[in-house]
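Chain and residue survey
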Amino acid sequence: MKIIMLGAPGAGKGTQAKMISDKYGIPHISTGDIFRANIKNGTELGKKAKTYMDQGLLVPDELVVDLVVDRVAQDDCAKGYVLDGFPRTIPQAEALDAALEKMGSKVGYAINVEVPDENIVTRMSGRRACVSCGATYHIVHIPPKTEGICDRCGAKLILRDDDKPETVKKRLAVYHEQTQPLIDYYTKQNVLVEVDGTKDMEEVFAAICRILGE
Ligand code: AMP
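An account of the accompanying structure is given in this report. (Residues numbered from 1 in each chain as written. Predicted model: local features only at pLDDT ≥ 70, side-chain atom pairs only at ≥ 80, totals over all residues. Heavy atoms only, no water.)

**Digging into the overall build of the chain**
- Per the secondary structure count, the chain includes nine helices and eight strands.
- Relative to a compact globule of 214 residues, whose C-alpha radius of gyration would be 17 Å, the chain shows 16 Å and is just as compact.
- Over its C-alpha atoms, taken along the principal directions, the chain stretches across nearly 45 × 40 × 35 Å.
- Classification of the 214 residues of the chain by burial places 47% in the buried group.
- Contacts in the chain between residues at least 24 apart in sequence constitute 70% of all its contacts with a sequence separation of at least 6.
- For the chain, the accessible area works out to roughly 10800 Å², and carbon and sulfur atoms hold 52% of it. (Helix = DSSP H or I, 4+ residues; strand = E, 2+ residues; numbered from the N terminus. Rg over C-alpha atoms; globule rule 2.2 N^0.38 Å. Buried < 20%, exposed > 50% of the residue type's maximum accessible area, 1.4 Å probe, protein only. Contact = heavy atoms within 4.5 Å. Areas by Shrake-Rupley, 256 points an atom, 1.4 Å probe, with all protein chains shown as cover.)

See the structure below:
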């Protein structure tokens, strides 16, 4: 079960990816999380990625492709995985396809979580992320047990720079220009499926499970 999550930033694809990963027992690979972990650990990759992320821009393809290709080649990915936030450009998708072909594998489903732009900015201003472990919450939809505190590790929750309204608008523009073409790309491969991301999280997940058929 090799799954790609597509959708605008804030469409809820990360939340759905985690739920798929838990239910089907396959790794959740989030490039955004990988970059944030690198930023936190002060690595060279983190330093490079941060300059783009803070402006709402995509990190260059060459910094992300090898990282994902190496990850999906690991043993725990043999049964499948759910890619969240990758690919985000046509060259990334082509590089992934080429690498998978070499491994005798291919993408099974590209799940597009559809949410209109007007819902996105309001949604993202409610997002909160843990400064320490990176867990994400939403003040209305997925509130922490104690306001402002991470359930998982007890650290402080913040509004990430890249979730601030000005950055979100930029990220949406980047999404339409660079990532939306992937919808056609995967439609042509007959692997694109769509779900209505405006529904509540459990309903969206039920729709995804019906598609995955297990
Ligand atoms: P996310 O948490 O998936 O929304 O990612 C946060 C930020 O990380 C994005 O706005 C990009 O700057 C960067 N990023 C994550 N994945 C990719 C990717 N596949 N290609 C380029 N940039 C990425």
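**Here's the deal with the layout of surface pockets**
- In this structure, the second largest pocket spans a volume of roughly 560 Å³.
- Lining the second largest pocket are 22 residues, and of these Arg36, Ala37, Cys130, Gly134 and Arg160 sit closest to its centre.
- Listed by contribution, the elements that provide at least two residues to the lining of the second largest pocket are helix 2 (31-40), helix 3 (44-53) and strand 5 (127-130).
- A total of five residues in the lining of the second largest pocket trace back to one element, the largest contributor, which is helix 2.
- Across the lining of the second largest pocket, the residue classes tally to nine nonpolar, three polar and 10 charged. (1 Å grid on protein atoms, 1.4 Å probe; cavity = no way out; pocket = protein on both sides within 12 Å on 5 of 7 lines; lining within 4 Å. Points joined across faces, edges and corners; volume = space filled by probe spheres on them. Nonpolar A, V, L, I, M, F, W, Y, C, P; charged D, E, K, R; others polar.)

**Examining the sheet that holds strand 8 (residues 192-196)**
- Spatially, the five strands line up as an open sheet ordered 2-3-1-4-8, and their pairing is parallel. Both outer strands of the open sheet, strand 2 (28-30) and strand 8, are each paired with one neighbouring strand and no more. Taking the axes of each pair of neighbouring strands and ignoring which way they run, one obtains an average angle of 25° across the sheet.
- Here helix 2 sits on the sheet and contacts strand 2 and strand 3 (81-84); the angle it forms with strand 2, its principal contact strand, is near 65°. (Pairing = 2+ DSSP bridges. Axes fitted to C-alpha atoms, helices over the stretch in contact; angles between N-to-C directions.)

**Examining the sheet that holds strand 5**
- Taken in spatial order, the three strands of this open sheet run 6-5-7, and their pairing is antiparallel. Pairing within the sheet leaves two strands with one partner each, and these edge strands are strand 6 (136-138) and strand 7 (157-158).
- Relative to strand 7, strand 5 runs antiparallel, the two being bridged by two bridges. Bridge pairing links alanine 129 to isoleucine 158 in strand 7.

**Section: unusual backbone geometry**
- Proline 87 follows phenylalanine 86 through a cis peptide bond whose omega is -5°.
- Structurally, proline 87 is set in the loop between strand 3 and helix 5 (90-102).
- Despite not being glycine, asparagine 190 shows a phi value in the positive range, around 60°.
- By the secondary structure assignment, asparagine 190 is in the loop between helix 8 (181-188) and strand 8.
- Residue asparagine 190 is classed as exposed on the basis of its relative accessible area of 73%.

**Details of the pattern of salt bridges**
- Here the structure, examined in full by the defined rule, presents 11 salt bridges.
- In this structure, arginine 171 engages aspartate 162 in a salt bridge whose closest nitrogen and oxygen atoms are separated by 3.9 Å. No difference in accessibility class separates arginine 171 from aspartate 162, as the two residues are buried.
- Residue aspartate 163 pairs with arginine 171 through a salt bridge whose shortest N-O separation is 3.3 Å. (Salt bridge = Lys/Arg side-chain N within 4 Å of Asp/Glu carboxyl O.)

**Examining the packing of helix 6 (residues 117-125) against helix 7 (residues 165-179)**
- Remark: helix 6 packs on helix 7, axes separated minimally by 10 Å, with the N-to-C direction vectors making an angle of 145°. Our pair here, helix 6 against helix 7, has a crossing hand that is right-handed. Counting all contacts with helix 6, which are made through Asp117, Ile120, Val121 and Met124, the residues of helix 7 involved are Pro165, Val168, Lys169, Arg171, Leu172 and His176.
- Classifying every residue of the contact of helix 6 with helix 7 by side-chain character gives six nonpolar, one polar and three charged. (Left-handed = near helix turned anticlockwise from the far one by under 90°.)

**A closer look at the packing of aromatic side chains**
- Under the definition given, this model contains one aromatic pair.
- A centroid spacing of 5.0 Å and a plane angle of 80° characterise the contact between tyrosine 185 and tyrosine 186, whose relative ring orientation is edge-to-face. Comparing tyrosine 185 with tyrosine 186, the two get one shared label, buried. (Phe/Tyr/Trp six-rings, centres within 6.5 Å; stacked < 30°, edge-to-face > 60°.)

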